[in-house]
Amino acid sequence: MNGRVALVTGGARGIGRAIALKLASLGADVAVLDAGALETTEQTAAEIRALGVKACAVRCDITDADQVAAAVKQVKDELGGVDILVNNAGITRDKLALRMSPEDFDAVINVNLKGTFLMIRALYADFMRKRYGRIVNIASIAGLMGNAGQANYAASKAGVVGLTKTIARELASRGVTCNAVAPGFIETPMTANMNQDALEAASKTIPVGRMGKPEDVAAAVAFLVGDDAGYITGAVLNVDGGFFMR
Ligand code: NAI
């Protein structure tokens, strides 16, 4: 991936950080975009630079179209354009639908679905003009099979799948691919906040026999954004240890 520039949202920690480091290890320059403290995002950027490629850290809330536009401009100024977009930033606000407030619903849809759309929209014309681009959206098996307590999250991730297939169709003739990766249960700060009893019970039913690691997801993303995956678009690749088989 030498000479390519990747932008990873939510790249400061967890799965996004693993993706950013993986793409950097393959030679890409990487923009790490995150809404969290710039210090944490800078730390990840420093780890990337230590691999011998360029990196920049950008503070941006992807739900805000103005911040997204400013962030994309900053990345283009610092790294010279974007070839690979990984929409990884996401949040949960789990509750049974009975107790889920409209605000809980909107907050999750705004980050996971609208934020993903805003990022794609901000780079859409550039990818078309270049006649090259790789987009990977991080969905979830919750969006494919549903999950009690995650009406907002599962709906947002199902939406990401529909968005992925639509963008894939719109940009296929321009040399741009758009795919989704649907992780199962992955060990990150996000799952550390979940009900650990429920998580342990679910883990026991994973055919591979363990929870996933951020690096398992990063490997799938690296394949889909690589030159060997140019004929794969509109696909949803599950990385879940066999938890959800269709
Ligand atoms: P995490 O909570 O550890 O990291 C998410 C990152 O996104 C954080 O650095 C956070 O600051 C950033 N972020 C949140 N809202 C943002 C916003 N509005 N703008 C910019 N950045 C924002 O989460 P984790 O586990 O690494 O998840 C990454 C992605 O993988 C998410 O889309 C999540 O839904 C998805 N996923 C995770 C699974 C898991 O088991 N951990 C399973 C399936 C999907």
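Structure: above.
The rules we used
- Residues numbered from 1 in each chain as written.
- Predicted model: local features only at pLDDT ≥ 70, side-chain atom pairs only at ≥ 80, totals over all residues.
- Heavy atoms only, no water.
- Near = heavy atom within 4 Å.
- Polar contact = N/O pair within 3.5 Å; in protein donor to acceptor, adjacent residues only side chain to side chain.
- Areas by Shrake-Rupley, 256 points an atom, 1.4 Å probe, with all protein chains shown as cover.
- 1 Å grid on protein atoms, 1.4 Å probe; cavity = no way out; pocket = protein on both sides within 12 Å on 5 of 7 lines; lining within 4 Å.
- Sits in = over half its atoms within 2 Å of the grid points.
- Helix = DSSP H or I, 4+ residues; strand = E, 2+ residues; numbered from the N terminus.
- Nonpolar A, V, L, I, M, F, W, Y, C, P; charged D, E, K, R; others polar.
- Phe/Tyr/Trp six-rings, centres within 6.5 Å; stacked < 30°, edge-to-face > 60°.
- Buried < 20%, exposed > 50% of the residue type's maximum accessible area, 1.4 Å probe, protein only.
- Lys NZ or Arg CZ within 6 Å of the ring centre and 35° of its normal.
- Expected span 1.5 Å × (residues − 1).
- Pairing = 2+ DSSP bridges.
- Axes fitted to C-alpha atoms, helices over the stretch in contact; angles between N-to-C directions.
- Contact = heavy atoms within 4.5 Å.
- Right-handed = clockwise from strand over helix to strand, strands pointing away.
- Core = buried A, V, L, I, M, F, W, Y, C linked by side-chain atoms within 4.5 Å.

**Brief notes about the site of the ligand**
Then, number 1: By nearness alone, 28 residues border the ligand, and Arg-13, Asp-34, Asn-88, Tyr-153 and Thr-188 come closest of all.
Then, number 2: Between the ligand and Tyr-153 there is a distance of 2.5 Å, counted from an oxygen atom to a side-chain nitrogen or oxygen.
Then, number 3: Relative to its unbound accessible area of 820 Å², the ligand is 92% covered by the protein chains.
Then, number 4: The site holding the ligand turns out to be the largest pocket.
Then, number 5: For the shell around the ligand, the secondary-structure elements that each account for two or more residues are helix H1 (14–25), helix H6 (151–171) and helix H7 (189–192).
Then, number 6: With three residues, H7 is the largest single contributor of residues to the shell around the ligand.
Then, number 7: Here the residues of the shell around the ligand are counted per class, giving 15 nonpolar, nine polar and four charged.

**Observations concerning the packing of aromatic side chains**
Then, number 1: What the rule picks out here adds up to one aromatic pair.
Then, number 2: Ring plane angle 85° and centroid distance 5.3 Å describe the contact between Phe-185 and Phe-243, whose orientation is recorded as edge-to-face. Of the two residues, Phe-185 is situated in the loop between strand E6 (176–183) and H7 and Phe-243 in the segment after strand E7 (236–239); the sequence distance between them amounts to 58 residues.
Then, number 3: Judged by relative accessible area, Phe-185 falls into the buried class, the value being 15%.
Then, number 4: Residue Phe-243 is classed as partly exposed on the basis of its relative accessible area of 23%.
Then, number 5: One residue, Arg-4, lies across the ring of Tyr-132, its end atom 4.0 Å from the ring centre.

**Looking at helix H9 (residues 214–225)**
Then, number 1: For H9, spanning 12 residues, the distance from its first C-alpha to its last is 17 Å, which sits close to the expected 16 Å at 1.5 Å a residue.
Then, number 2: Turning to H9, its buried residues number three or more, namely Pro-214, Val-217, Ala-218, Ala-220, Val-221, Ala-222, Leu-224 and Val-225.

**A closer look at the sheet that holds strand E5 (residues 133–138)**
Then, number 1: Pairing in this open sheet of seven strands is parallel, and the strands run E3-E2-E1-E4-E5-E6-E7 from one edge to the other. Only two strands of the sheet have a single neighbouring strand rather than two, namely strand E3 (55–59) and E7. Adjacent strand axes in the sheet meet at a mean angle of 15°, parallel and antiparallel pairs treated alike.
Then, number 2: Judged from the three bridges that link them, strand E1 (residues 5–9) and strand E4 (residues 84–87) form a sheet pairing that is parallel. Note that in E4 the partner of Val-8 across the bridge is Val-86.
Then, number 3: Those strands touched by helix H2 (residues 38–49) are strand E2 (29–34) and E3, and its axis lies near 165° from that of E3.
Then, number 4: On top of the sheet, helix H4 (residues 102–130) reaches E1, E2, E4, E5 and E6; it is set at about 170° to E4, its chief contact.

**Some details on the pairing of E3**
Then, number 1: For E3, the tally of buried residues reaches four of five residues, placing the bulk of the element in the interior.
Then, number 2: Where E2 and E3 come together, five bridges link them in parallel fashion. From the neighbouring strand, Leu-33 faces E3, where its bridge partner is Val-58.
Then, number 3: Between E2 and its parallel partner E3, the chain crosses via H2, and the hand of that crossover is right-handed.

**What about the nonpolar core?**
Proteins that are soluble and globular tend to have nonpolar side chains buried together.
Then, number 1: Formed by 31 residues in total, the largest nonpolar core has its most connected members in Ile-19, Leu-23, Ile-48, Val-181 and Val-221.
Then, number 2: Apart from the residues lying within four places of it in its own chain, the contact partners of Val-181 are Val-136, Asn-137, Ile-138, Ala-139, Ser-140, Val-217, Ala-220, Val-221, Leu-224, Leu-237 and Val-239.
Then, number 3: Grouped together as the second largest cluster of nonpolar side chains are 29 residues, Val-72, Val-75, Leu-118 and Ile-167 included.

Interpretation note: all reported values are geometric properties and have no functional meaning in isolation.
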